[in-house]
Amino acid sequence: MAKKRRKSTPKTTKKGFSFKLSKQNKIILGSLLMLFSIALFFSFISFYFTWENDQSLLSQFTDRNEEAQNLLNKFGASVSHFFMYQGFGLASLIFPFLLFYTGLYMFLSITKKGLLRKWIWGLIFVIWISISLGFFANEKPLLGGLIGYEMNDFLQDYAGKIGVFLLLLFGFVSILVRLFHFTPDGIFNYFTSKKKSIADEFKDTSTVADSTIEFKKEDNSPIILDSYTHKKDIPLLVKEEVKSDFEGNLSNEETVEEEILAMEVEKIIEEKEEKDNIADKLVDDFGEFDPTLELGHYKFPSIDLLGQHGASGGITINQQELEENKNKIVETLRNYKIGIAQIKATIGPTVTLYEIVPEAGVRISKIKNLEDDIALSLAALGIRIIAPIPGKGTIGIEVPNKNASVVSMRSVIASSKFQKTEMELPIAFGKTISNETFVVDLAKMPHMLMAGATGQGKSVGLNAVITSLLYKKHPAEVKFVLVDPKKVELTLYNKIERHFLAKLPDSDEAIITDNTKVINTLNSLCIEMDNRYELLKLAMARNIKEYNTKFKARKLNPNDGHKFLPYIVLIIDEFADLIMTAGKEVETPIARLAQLARAIGIHLIIATQRPSVNVITGIIKANFPARIAFRVTSKIDSRTILDSQGADQLIGRGDMLFTQGNDVTRLQCAFVDTPEVEKITEYIGSQRAYPHAHELPEYVGEDSGTSIDYEISERDSMFREAAEVIVIAQQGSASLLQRKLKLGYNRAGRIIDQLEAAGIVGPFEGSKARQVLVTDMMALDQLLNNESNQ
């Protein structure tokens, strides 16, 4: 089974069989081709001046005493004779250019998508020019070469001169249409516009001439024509002409306006088509823009980095356990006079689903109320009744297996469902009750809320999310913003900082643990969101997928600020701690991101171990349709996270419920251990990375403190006593001064501002007390004495 899984591993295993030149070899071979093409060019040009003298030396190539007059001596004489005389004649000059282009592509390591097209068109031109020169310069075979002369002679034997001429004309038209995009409409429009512009110029000059003659009639003095005269008089003449021609005919005036409007619309359409043609030409020449090119040699993690947990052969079926449970369920229901028409079992990794079809006339609520009685008879933890199962005419009873199977991350990643998925941000969570791999698209969720009691699998679930994306996405396509208030859960991902992580410009660490930096990061993401929406508006795209498709097709100009936009995934590990310390300062930007950030590729994953109403507020719940519930302690917590009960009846250790706004699905979360995550991050971190982590826009926080520099003479009379109280207590708050010095709130607040200006306390930090910057009384005395001496 292990061998079969290795066959479905990522594409990295197949790369060893493909012939691929290294960068150094490409530079060497490219320079050789460019120099060789230059030599060919000079030998071909020299051929037409020296071929008569060098003709006799072709048979004496090995004789070192003989010397040819070609610029490249006997080599040049032989090669040019082969191409120019025995080959295609003058058309052979195209070959050095093609070879030079090929060498340049290899030398600069440019993608070869447009190179094949150049060679195909180059060969078509060589053949067409050679036959054309053989046809029109039949008496000079050197111009068309032996091939052009013979092919022309051969075609004339069958089609005659007129037939060959028509064939050449057909080839010329085909080249114009296919290569230069000529169309009859385009030619007609070009000449029409030229004719119109010439007529307009002639009309303007004649009008100016007429106005000049009028001035001469009025006055014989020297005439000075300024810009004001022209602007004033010429429109008047045009206005009178229009009035005389269309006087009393309003319908004709409307027709003129409609024609002008139609011409403007047509011009806009033509400009758009021209831009599209330019973009298509760029794509043909250089290929689509590849965002992964900067890290072109990046290798995705191998499946071998993940361990095989649990039984490799899948789920072990215990037939005796199935029969016992089935009989106990039937017997318990029969005791309450509930008959069963049919029962069926579906075995999962940790839970077995028994689907029952009750007899006619049995009320579903009656079965649902027997949940505790069935749990008692089966002596099992975590019985859950689904009445009815959505989409089926059955009632489900979920019973935990006595010997639960561990679902390894390796088996989920190696599954064909995950390997062949075309989702934008695929996440492989684990396996369903029917033992199928469960894969969802984060881009369509678009945000996810995760909750569960301590030790029930939240951190493993977050690792499964990140691992899925690391196995499927290139560093150029997705970036993570990781918030870890616990400071220990997500530190493993520090090694991939320059590959996959995003951070603030002035931040030292990419993984955010300080609550102040969390607020700044969230507000920075809001700025990034607004910037991205501005780019989408300019590009006339509705979402990030359309925008990136246009950018790859080279339809957006980087000089206008356009760039490839990676997906950004914000992961917050312990949200309850942030709400407790920062409150509204965190909730507001998160609610704004959740409401608006879906279309521009910013997605939020929030995890908390306390899913109470004051942590997961109504605003957050409304914008997080995808929810994951691991085992919680009460039905109230289950309703808070899922809007239904059931999470309190899970058995723990990765057993979870997933909902995306409709049905609730029970899953066994895939297990990825810490050593496996370390191996993956080390493998990615050891590869070539970007110069620095992806930088988010800079955000300058709005301090609630004061920036006013108080003069010493303006300080409060109790300033020193207040400073002593603050330093002794090591707590900077206005309420402390109110209690100790018996001051009013306004005066205490003013003294706190003065203490901040003096550098004794730090800036305002929300609901927390200000930091005291002076450690003891001796340092305070020294600080105040230095101020008084200045």
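Residues numbered from 1 in each chain as written. Predicted model: local features only at pLDDT ≥ 70, side-chain atom pairs only at ≥ 80, totals over all residues. Heavy atoms only, no water.

**Description of the environment of Leu 116**
Tracing the backbone through its elements, the reader meets Leu 116 in helix α5 (residues 115-136). Linking Leu 116 and Thr 102, residues 14 residues apart in sequence, is a C-alpha distance of 9.4 Å. (Helix = DSSP H or I, 4+ residues; strand = E, 2+ residues; numbered from the N terminus.)

**A short note on the environment of Lys 431**
On the secondary structure map, Lys 431 appears in strand β5 (residues 426-432). In this structure Lys 431 comes out as buried when scored by relative accessible area, which is 16%. With 24 residues separating them along the chain, Lys 431 and Val 407 place their C-alpha atoms 7.2 Å apart. Contact partners of Lys 431, with chain neighbours within four places excluded, come to Pro 349, Val 407, Ser 411, Glu 436, Thr 437, Phe 438, Leu 667 and Gln 668. (Buried < 20%, exposed > 50% of the residue type's maximum accessible area, 1.4 Å probe, protein only. Contact = heavy atoms within 4.5 Å.)

**A closer look at the side chain of His 603**
With respect to the helices, strands and loops of the structure, His 603 is situated in strand β11 (residues 602-608). You can call His 603 buried: its relative accessible area is 1%. Looking at His 603, its side chain comes within polar contact range of the main-chain oxygen of Pro 446, at 2.9 Å. What His 603 contacts, discounting residues up to four positions off in sequence, is Leu 425, Leu 442, Ala 443, Pro 446, His 447, Tyr 567, Ile 568, Val 569, Leu 570 and Arg 598. (Polar contact = N/O pair within 3.5 Å; in protein donor to acceptor, adjacent residues only side chain to side chain.)

**Examining the sheet that holds strand β7 (residues 448-451)**
Spatial strand order, β6-β5-β14-β13-β12-β7-β11-β10-β8: nine strands in an open sheet with mixed pairing. Edge positions in the sheet fall to β6 (437-441) and β8 (478-483), since each of these pairs with one other strand and no more. This sheet shows a mean twist of 30° between the axes of neighbouring strands, independent of strand direction. Alignment of β5 against β6, held across five bridges, turns out to be antiparallel. (Pairing = 2+ DSSP bridges. Axes fitted to C-alpha atoms, helices over the stretch in contact; angles between N-to-C directions.)

**Thoughts on a negative patch on the surface**
A cluster of acidic residues, Asp 506, Asp 508, Glu 509 and Glu 698, forms a negative patch at the surface. Residue Asp 508 is classed as exposed on the basis of its relative accessible area, which comes to 67%. (Patch = residues over 30% accessible without salt bridge, like charges linked within 9 Å, V, L, I, M, F, W, Y side chains within 5 Å. Areas by Shrake-Rupley, 256 points an atom, 1.4 Å probe, with all protein chains shown as cover. Salt bridge = Lys/Arg side-chain N within 4 Å of Asp/Glu carboxyl O. Lys, Arg positive; Asp, Glu negative; His and termini not counted. Charge placed at Lys NZ, Arg CZ, Asp CG, Glu CD.)

**Focus on the packing of helix α24 (residues 719-729) against helix α27 (residues 777-789)**
Two elements in contact, α24 and α27, have axes whose closest approach is 10 Å; the angle formed by their N-to-C orientations is 150°. When the axes of α24 and α27 are compared, the pair comes out roughly antiparallel. The handedness of the crossing between α24 and α27 comes out as right-handed. Across from Phe 719, Arg 720, Ala 723, Glu 724, Val 727 and Ile 728 in α24, the residues of α27 making contact are Met 777, Leu 780, Asp 781 and Leu 784. Among the residues making up the contact of α24 with α27, the classes are represented as seven nonpolar, no polar and three charged. (Parallel < 35°, antiparallel > 145°, perpendicular 65-115°, else oblique. Left-handed = near helix turned anticlockwise from the far one by under 90°. Nonpolar A, V, L, I, M, F, W, Y, C, P; charged D, E, K, R; others polar.)

**Some words on the packing of aromatic side chains**
In this structure the tally under the stated criterion is 16 aromatic pairs. Taking the centre distance of 6.4 Å and the plane angle of 70° together, the rings of Tyr 298 and Phe 500 count as edge-to-face. With a gap of 202 residues between them, Tyr 298 in the loop between α9 (250-286) and α10 (319-335) and Phe 500 in helix α16 (residues 497-500) connect regions that are remote in the sequence. When its relative accessible area of 0% is taken as the criterion, Phe 500 is described as buried. An aromatic cluster is built from Phe 44, Phe 82, Phe 83, Phe 88 and Phe 95, whose rings are joined through pairwise contacts. It is Lys 118 that lies over the ring of Tyr 101; its NZ or CZ is 5.7 Å from the centre. Its end group placed over the ring of Phe 418, Lys 472 keeps NZ or CZ at 5.4 Å from the ring centre. (Phe/Tyr/Trp six-rings, centres within 6.5 Å; stacked < 30°, edge-to-face > 60°. Lys NZ or Arg CZ within 6 Å of the ring centre and 35° of its normal.)

**Considerations on the environment of Glu 546**
Residue position: Glu 546 is located in helix α18 (residues 544-552). In this structure the C-alpha to C-alpha distance between Glu 546 and Leu 536, which are ten residues apart in sequence, comes to 8.9 Å.

**Re empty space enclosed by the protein**
Counted under the stated rule, the structure contains four cavities of 30 Å³ or more. The space that makes up the second largest cavity amounts to roughly 40 Å³. Around the second largest cavity sit Pro 349, Thr 350, Val 351, Lys 431, Thr 432, Ile 433, Asp 655, Arg 666, Leu 667 and Gln 668, which together line it. Those elements giving two or more residues to the lining of the second largest cavity turn out to be β5 and β14 (664-669). With three residues, β14 is the largest single contributor of residues to the lining of the second largest cavity. Split by residue class, the lining of the second largest cavity holds four nonpolar, three polar and three charged. (1 Å grid on protein atoms, 1.4 Å probe; cavity = no way out; pocket = protein on both sides within 12 Å on 5 of 7 lines; lining within 4 Å. Points joined across faces, edges and corners; volume = space filled by probe spheres on them.)

**Concerning the confidence of the model for the protein chain**
Looking at the protein chain, pLDDT values average 79 and 81% of them are 70 or higher. Between the elements of the protein chain, mean pLDDT differs from a low of 38, seen in helix α8 (residues 227-245), to a high of 95, seen in strand β10 (residues 567-572). Contacts from residues 1-18, a stretch scored under 50 in pLDDT, to residues over four places away or in other chains number 16 contacts. Considering only residues more than four positions removed or in separate chains, one finds that residues 205-251, a stretch of pLDDT under 50, has 15 contacts. (pLDDT = per-residue confidence, 0-100.)

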